[in-house]
Amino acid sequence: FYLTPPQVNSILKANEYSFKVPEFDGKNVSSVLGFDSNQLPANAPIEDRRSAATCLQTRGMLLGVFDGHAGCACAQAVSERLFYYIAVSLLPHETLLEIENAVENGRALLPILQWHKHPNDYFSKEASKLYFNSLRTYWQELIDLNSGETTDVREALINAFKRLDNDISLEAQVGDPNSFLNYLVLRVAFSGSTACVAHVDGVDLHVANTGDSRAMLGVQEEDGSWSAVNLSYDHNAQNEHEVERVKMEHPKSEEKSLVKQDRLLGLLMPFRAFGDVKFKWSIELQKRVVESGPDQLNDNEYTKFIPPNYYTPPYLTAEPEVIHHKLRPQDKFLVLATDGLWETMHRQDVARIVGEYLTGVHHQQPIAVGGYKVTLGQMHGLLTERRARISSVFEDQNAATHLIRHAVGNNEFGTVDHERLSKMLSLPEELARMYRDDITIIVVQFNSHVIGAY
Amino acid sequence: AAGMFLRLLSDIQWRAAHPKWRRMTSSQRSTSTTAEPHPLSLPAQAQVVICGGGIMGTSVAYHLSKMGFKDIVLLEQGRLAAGTTRFCAGIVSTARPVSIELKMAHYSNKLYQQLEQETGVQTGYMKTGSVSLAQTQDRLISLKRIASSLNVMGIPCEIISPKKVLQLHPLINIHDLVGAMYVPEDALVSSANVSLALATAASRNGVQIHERTSVSHVTIQKGRVTGVETDRGRIQCEYFVNCAGQWAYELGHSGEEPVHIPVHACEHFYLLTHPLQEPLSSSLPTIVDPDGRIYIRNWQGGILSGGFEKNPKPLFTEGRNQLEIQNLQEDWDHFGPLLSALLRRMPGLEALQIMQLVNCPESFTPDMRCIMGESPTARGYFVLAGMNSAGISYGGGAGKYLAEWIVNGYPSENVWPLDLKRFGTLQSSRTFLRHRVMEVMPLMYDLKVPRWDFQTGRQLRTSPLYDRLDAQGARWMEKHGFERVKYFVPPGSDLLDLDHSKTFYKPDWFDIVGSEVKCCKEAVCVIDMSSFTKFEISSTGDQALEYLQYLFSNDLDVPVGHVVHTGMLNEKGGYENDCSIARLSKRSFFMISPTDQQVHCWAWLKNHLPDDSNLVLEDVTWKYTALNLIGPRAVDVLSELSYAPMTAEHFPSLFCKEMSVGYANGIRVMSITHTGEPGFVLYIPIEYALHVYNEVMNMGQKYGIRNAGYYALRSLRIEKFFAFWGQDLDAFTTPMECGREFQVKLDKGMEFLGQEVLLEQKQNGVYKRFTMFILEDHDTDMDLWPWWGEPIFRNGRYVGKTTSSAYSYTLERHVCLGFVHHFDEKTGEELVVTTDFINQGEYEIDIAGQRFQAKAKLYPFSSLFAQRRRKDEVELSGYQRE
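Note that the coordinates shown come from a computational prediction; the quantities given were computed from them, not determined experimentally.

A tally of regular secondary structure across chain A gives 18 helices and 16 strands. At 24 Å, chain A has a C-alpha radius of gyration in line with the 22 Å of a compact globule built from 454 residues. Overall, chain A is about 80 × 50 × 45 Å in size when its C-alpha atoms are taken along their principal axes. Looking at chain A residue by residue over its 454 residues, the buried ones come to 55%. Here chain A has roughly 20,800 Å² of accessible surface; of this, 52% comes from carbon and sulfur atoms. When the 43 positive and 60 negative side-chain charges of chain A are each reduced to one mean point, those points stand 3 Å apart.

Looking now at the pairing of strand β16 (residues 439–446) of chain A. Residues and elements named next belong to chain A. By the criterion of burial, β16 is predominantly enclosed, with seven of the eight residues buried. Sheet topology places strand β2 (residues 32–40) next to β16; eight bridges connect them, and they run antiparallel. Of the residues in β16, the one forming a bridge with Gln-39 is Thr-440.

A surface patch of nonpolar side chains, about 350 Å² in accessible area, is lined by A:Leu431, A:Met434 and A:Tyr435. Note on A:Met434: relative accessible area 64%, which makes it exposed.

It is worth spelling out the domain arrangement of chain B at this point. All names here are of chain B. According to the domain assignment, chain B contains domain 1 (45–364), domain 2 (466–490 + 499–532 + 622–722) and domain 3 (767–857). Each side of the interface is counted separately: domain 2 has 18 residues, and domain 3 has 20 residues. Together, the buried faces of domain 2 and domain 3 total about 1,700 Å²; carbon and sulfur atoms form 68% of this surface. Inspection of the domain 2/domain 3 interface yields one salt bridge. Asp-781 serves as the salt-bridge partner of Lys-506, at 2.7 Å between the closest nitrogen and oxygen. On the surface where domain 2 and domain 3 come into contact, there are eight residue pairs in polar contact (both at pLDDT 80 or more). Contributing elements (two or more residues each) for the side of domain 2 that touches domain 3: α15 (510–522) and α20 (710–719). The residue inventory of the side of domain 2 that touches domain 3, partitioned by class, reads ten nonpolar, three polar and five charged.

The next point concerns the sheet that holds strand β9 (residues 214–220) of chain A. All names here are of chain A. Here six strands make up an open sheet; going across it, the order is β1-β2-β16-β15-β9-β10 and the pairing antiparallel. For this open sheet the edge positions go to β1 (17–20) and β10 (226–230), each flanked by a neighbour on one side alone. The mean inter-strand angle of the sheet, taken between neighbouring strand axes irrespective of direction, is 20 degrees. Across the sheet, helix α13 (residues 347–359) lies against β9, β10, β15 (331–337) and β16, angled at about 125 degrees from β10, the strand it touches most. Along the sheet, helix α15 (residues 399–409) makes contact with β2, β15 and β16, crossing β2 at roughly 40 degrees.

Residues and elements named next belong to chain B. Under the counting rule described, the total for this entry stands at 45 aromatic pairs over all chains. Aromatic pair Phe-510 and Trp-785: ring centres 5.8 Å apart, planes at 75 degrees, arrangement edge-to-face. With Phe-510 in helix α15 and Trp-785 in the loop between β36 (768–775) and β37 (791–794), this pair connects stretches of sequence that are 275 residues apart. Accessibility assignment for this pair places Phe-510 and Trp-785 in one class, buried. The ring of Tyr-249 has Arg-430 lying over it, and the distance from NZ or CZ to the ring centre is 4.1 Å.

Counting residues in hydrophobic clusters, the biggest one holds 58 residues, and the most contacted among them are A:Leu82, A:Phe83, A:Ile86, A:Leu113 and A:Phe274. For this core, the element with the most residues is helix α2 (residues 73–90) of chain A, which contributes twelve residues. Once residues within four sequence positions are removed from consideration, A:Ile86 is found in contact with A:Leu62, A:Leu157, A:Ala160, A:Phe161 and A:Val197. Among the nonpolar cores identified, the runner-up in size contains 54 residues, and B:Val98, B:Leu115, B:Val241 and B:Cys243 belong to it.

This part covers the interface of chain B and chain A. With 17 residues of chain B in contact, the opposing surface of chain A contributes 14 residues. Among the residues of chain B in contact with chain A, B:Trp332, B:Asp333 and B:Ile354 are the three that bury the most area, contributing 38% of the side total. Inspection of the chain B/chain A interface yields zero salt bridges. Counting every contact that joins chain B to chain A gives six residue pairs in polar contact (both at pLDDT 80 or more).

What follows deals with the confidence of the model for chain B. Residues and elements named next belong to chain B. The predicted model of chain B has a mean per-residue pLDDT of 89, with 91% of residues at 70 or higher. Note on residues 1–37: pLDDT under 50 across the span, and 50 contacts to partners over four residues away in sequence or across chains. This prediction of the complex comes with two scores: 0.73 for pTM and 0.82 for ipTM.

Turning next to the pattern of salt bridges. Tallied over the entire structure, the rule returns 57 salt bridges over all chains. In this structure, the salt-bridge partner of B:Arg458 is B:Glu483, at a minimum N-O distance of 2.7 Å. Taken together, the residues span a long stretch of sequence, with B:Arg458 in the loop between α12 (430–443) and α13 (466–471) and B:Glu483 in strand β24 (residues 482–488) at a distance of 25 residues. Taking the shortest distance from any N to any O, the salt bridge between B:Asp636 and B:Arg633 comes out at 2.8 Å. Its relative accessible area of 34% is what places B:Arg633 among the partly exposed residues. A network of salt bridges, in which partner residues are shared, links A:Glu242, A:Arg245, A:Glu249 and A:Arg272.

A separate point is the sheet that holds strand β8 (residues 187–188) of chain B. All names here are of chain B. What the three strands build is an open sheet, ordered β3-β8-β4; its pairing is antiparallel. The open sheet has two edge strands with one neighbour each: β3 (91–92) and β4 (126–127). Direction of pairing for β4 relative to β8: antiparallel, over a ladder of two bridges. Across the sheet, Met-126 pairs through a bridge with Leu-188, a residue of β8.

On to α15(A). Residue and element names in this part refer to chain A. A large share of α15 lies buried, amounting to eleven of its eleven residues. Those residues of α15 that fall on the buried side of the exposure criterion are Ala-399, Ala-400, Thr-401, His-402, Leu-403, Ile-404, Arg-405, His-406, Ala-407, Val-408 and Gly-409. Near the N-terminus of α15, the side chain that reaches the backbone nitrogen of Ala-400, with its oxygen 2.8 Å away, is that of Asn-398.

Moving on to empty space enclosed by the protein. Residues and elements named next belong to chain B. Applying the stated criterion across every chain, the model contains eight cavities of 30 Å³ or more. Quantified by volume, the largest cavity comes out at close to 100 Å³. Lining the largest cavity are 14 residues, and of these Arg-451, Trp-509, Trp-785, Ala-806 and Tyr-807 lie nearest its centre. Sorting the residues of the lining of the largest cavity by element identifies α20 and β38 (797–808) as the ones contributing at least two each. Each of two domains, domain 2 (466–490 + 499–532 + 622–722) and domain 3 (767–857), supplies a minimum of three residues to the lining of the largest cavity.

Let's shift gears to unusual backbone geometry. Of note, the bond from A:Ala44 into A:Pro45 is cis; its omega dihedral lies within 30 degrees of zero at -5 degrees. With respect to the helices and strands, the residue A:Pro45 is situated in the loop between β2 and β3 (48–55). In this model, A:Pro313 is joined to A:Pro314 through a cis peptide bond whose omega is 0 degrees. We note that B:Gln300 has phi near 50 degrees; this positive angle belongs to a residue other than glycine. Even without a glycine there, the phi angle at B:Glu812 is positive, about 55 degrees. Here B:Glu812 shows up in the loop between β38 and β39 (813–823).

Calculation criteria
- Residues numbered from 1 in each chain as written.
- Chains lettered and ligands numbered in written order.
- Predicted model: local features only at pLDDT ≥ 70, side-chain atom pairs only at ≥ 80, totals over all residues.
- Heavy atoms only, no water.
- Helix = DSSP H or I, 4+ residues; strand = E, 2+ residues; numbered from the N terminus.
- Rg over C-alpha atoms; globule rule 2.2 N^0.38 Å.
- Buried < 20%, exposed > 50% of the residue type's maximum accessible area, 1.4 Å probe, protein only.
- Areas by Shrake-Rupley, 256 points an atom, 1.4 Å probe, with all protein chains shown as cover.
- Lys, Arg positive; Asp, Glu negative; His and termini not counted.
- Charge placed at Lys NZ, Arg CZ, Asp CG, Glu CD.
- Pairing = 2+ DSSP bridges.
- Patch = residues over 30% accessible without salt bridge, like charges linked within 9 Å, V, L, I, M, F, W, Y side chains within 5 Å.
- Salt bridge = Lys/Arg side-chain N within 4 Å of Asp/Glu carboxyl O.
- Domains from an automatic or database assignment.
- Contact = heavy atoms within 4.5 Å.
- Buried area = accessible area lost by both parts, 1.4 Å probe.
- Polar contact = N/O pair within 3.5 Å; in protein donor to acceptor, adjacent residues only side chain to side chain.
- Nonpolar A, V, L, I, M, F, W, Y, C, P; charged D, E, K, R; others polar.
- Axes fitted to C-alpha atoms, helices over the stretch in contact; angles between N-to-C directions.
- Phe/Tyr/Trp six-rings, centres within 6.5 Å; stacked < 30°, edge-to-face > 60°.
- Lys NZ or Arg CZ within 6 Å of the ring centre and 35° of its normal.
- Core = buried A, V, L, I, M, F, W, Y, C linked by side-chain atoms within 4.5 Å.
- pLDDT = per-residue confidence, 0-100.
- 1 Å grid on protein atoms, 1.4 Å probe; cavity = no way out; pocket = protein on both sides within 12 Å on 5 of 7 lines; lining within 4 Å.
- Points joined across faces, edges and corners; volume = space filled by probe spheres on them.

Set out below in structure tokens:
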């Protein structure tokens, strides 16, 4: 069983999406040229989510990847809701008032976000009213709290993350008379999701990260080569600071049981996440909600299961770490990706592959024979190999697709091996997850001209 | 080092012992780097200053000095033969499709062969022969066509089988070959040494050579070259020759009055290898594999191989920059496809070790032909450049022709295809050149089927009707930047097919053109002929008439409103131009000439008309749209549109009148058609063009009007035996030689240019005769078609070549036009061609090696005309241009 190159391409390209920032008067005045995104599922259904939107009432663009676990419900909810929370957090007082008045009087609402969605990226219709009410409560509180100060992006991001996670938790505790919605809010709360979100406004780039997805900046050095700059820290056992933080938040007696086998309480890989109320609620609350919940929930072994050594909840938070970066002309692109990518590729390779793809130039040293002994045959072989590498670039119209092709198909020499690619993509559903994880990638390309003019 | 060179030149013995001379191509020529003072100061004046010390400059100096010019200075900005010439692959190949280029290469080969003996400088001349391979049948046909023309020039050449190729060159993989052409006398040289040999000989003949001297600009006063400014001072001169190679364009633009020389450089790569284990013999023939886009020659026991890739890299578009030729990079990735082709052709070379990949820029021209001749705007400013990477092959011949041009006023052969004046300012845009040369370079090895058109640099000059015609299915070709319709594809035809199937056989437009021809003969057709060059000449008194009478052979003192067909002849009676002139008033004339005459004719008139403010010459080409109404119903259409009677009684043939057509007034209507069919040409001020066209098409509907293109026109004019300037007629053809005596008025009471020669020819006869051939045993569907340049055989002996041909839909036969010579059977001397000589021969036309019987005729078939006319009328309108 063997996939032909067109079959491979149709699998790789099924979820690809590109957005180009529209030009105004022949010029793109935004610091973002556009972005490419793509997803390759390993789970069925895929548990990763992605979002991208332009803020309409403030400046800036939001992009995020969400890696769900224990189902996709939480990642789905976060992908639909988080950007609204962020956008609202960024809104000035007057705009909030205006929006509230419009809702109060049944007038048309100012649009807050313009979404850039692939047709496969869906929003839950059933829950929209519920989600809207929670969001409205949030902005009403913001109106009441009016500090009069200009909104700080870092604070807005942190507040939005925490608030949404709080709402997810509350909605599950309160429940909903509609049994479908009731089951939905519980699934959202009992599953979990990481979030890695970038907010770009002019030269100000903020990355808010919760969990083990990662943001990476591609920088072009003066000699044309590419290097990577991390714009997020992984929240997992490999991060000493993170382990330290968790230990600080709990009594010393728990020190040994907090992190086992590189997992939180021996169970959870990410040390921060949305949802996952099993790591946040008290045992009593968990039992009460599960027992009063629908039968499906009650029958689920996972939800009923209480983590071992569970003494001083919460063990988990959705609070993000925010990194601010002032964009420079040499900052050419940003990669947001779930851990499915980072498990297979080093960030330096990611920077080089995307950089070369975007510039269309393979920064391969031009070949010079010099004083070496090279035969025509050797040279021919070398050139053929270089051409093959270049042609794989032109196969893809999307940087994220190109990156996935490398992530899945790279052989030990760092070149895409069609045979390997074909095998990896034709794995049966039940085996796929053993060889690879869901991969979700967004590649944001920056506008160096605009950035340089700041 | 410059000083050393000059001493070398004055001391032949000592120089010959100096080893540096022999290693010129293989080692960097940078022995002495200390800056020595220039030993000789520049002269204050010279008769000729040549700029450029490459093969072109030295060849011009060589030939000029041989022809007796003594006061010549050659300036080279760097070192002699250090530019493209040094890097050139050194292949002398005579297999050229254009006949004048073939002649130049043939002469070069003969010159180089004896150069070492003449000068004592080793040139590395080696007669290896060359083998051009064909991977396809079409390629083989194109080689056969070249072989035919080589053979009739006495250059040995044969079409050989793949097996024979293997015998000639043991390394070649012949499995994908269908045949090849072998030219045994092609040669290899060290191009730099050829150049130095020419310089040595020139120097001995008194030419002063100064290296490291840059020309900053040329001074021109009152349209004449007066001198040259250099970084070492000024030289006054009478003639300047721009042989600056890739810098020719820039040098042309450096002065106050620019001289436009449309050349543009592209990078060119070739590979040098170490010797094979058993070194290759230096007598192995050069291999040209155009389908693989490569050439391969033996080089010091190894090979030298380069090619013309599909995706060339143009350079120096912005002019000279920091990238000097020597610093260009090797680009192996770019060379990859050519390397693949090389290893496919010679798989045994896999283990051969690379020595170097040489990047040697070459300059290319917009039409793939080189550029020579005098500037149309500055007398005494000559140019020889743009060799399209065949500089060594052309060097000798091109230098000779240019020297003849300076010394005698014109070369000994017709060089119009290479004349600088075929270009104008419009081909001088850098963007145009950059795009065009990117198309030209791959074309060097592309298969060129008849009637191919350039695809780049198009839609520059267009008629106001362009969009209208395009929407009706027009297919376009280009002449002098002007878009002209070939034919109209009827709705519903498979367009893709039409554009892609190109062939040496019956083309797919055959039926389309046939129906357009039919409509011209039976109803009426419209052809947009706006591209023609149009001049107006007027004066306050009789000056215009006087001068035109001197410049044109026909009598122009005709009543106002008459149109005269006439040649514009040179001193030798040859056609510089062939035009129609209408007398608009006593003192003003309207002159129509072929499209590509715009620059040449203008320069000719400017050079021959006195500097008289009472005599005004104006180029009005852009002011008028020309619509040609051809066919028996043209009369009806036009009379209905103008409410004026247009029949022969009211509007006789060769008549011109301003009248109204539709709402538009002031339309210049002439009763000429360029095809011999009845009809009119309307010269319409451009703002009325669309209106008049619409009116004509609407009114014409009931008469069956349709659009037609130039292919129909061509078929019509060739079956009527009408010669066309630039194709059939040139500066070496007189009216007497092409049956146009009736357009010459030897007795018009005024002296005119060329009169003496014509008088002499009238008395003593002509040495060639324009003849029409009807192919007899030629199967239009199955056989190769004639196009032009096919050899003509009379009683089995070569007598000349065809100049144009077309299928005649009326005769249902192919018609070829061409010149018949009479070569003495023993001496080869040219004899007078008599009518009997023409009529008493058995003729054959050689199409790619296959001969077809042909019937020769000296007069057209008058019975072909739908509406019979008197014979003299036929002859009067018997005139054609394209």
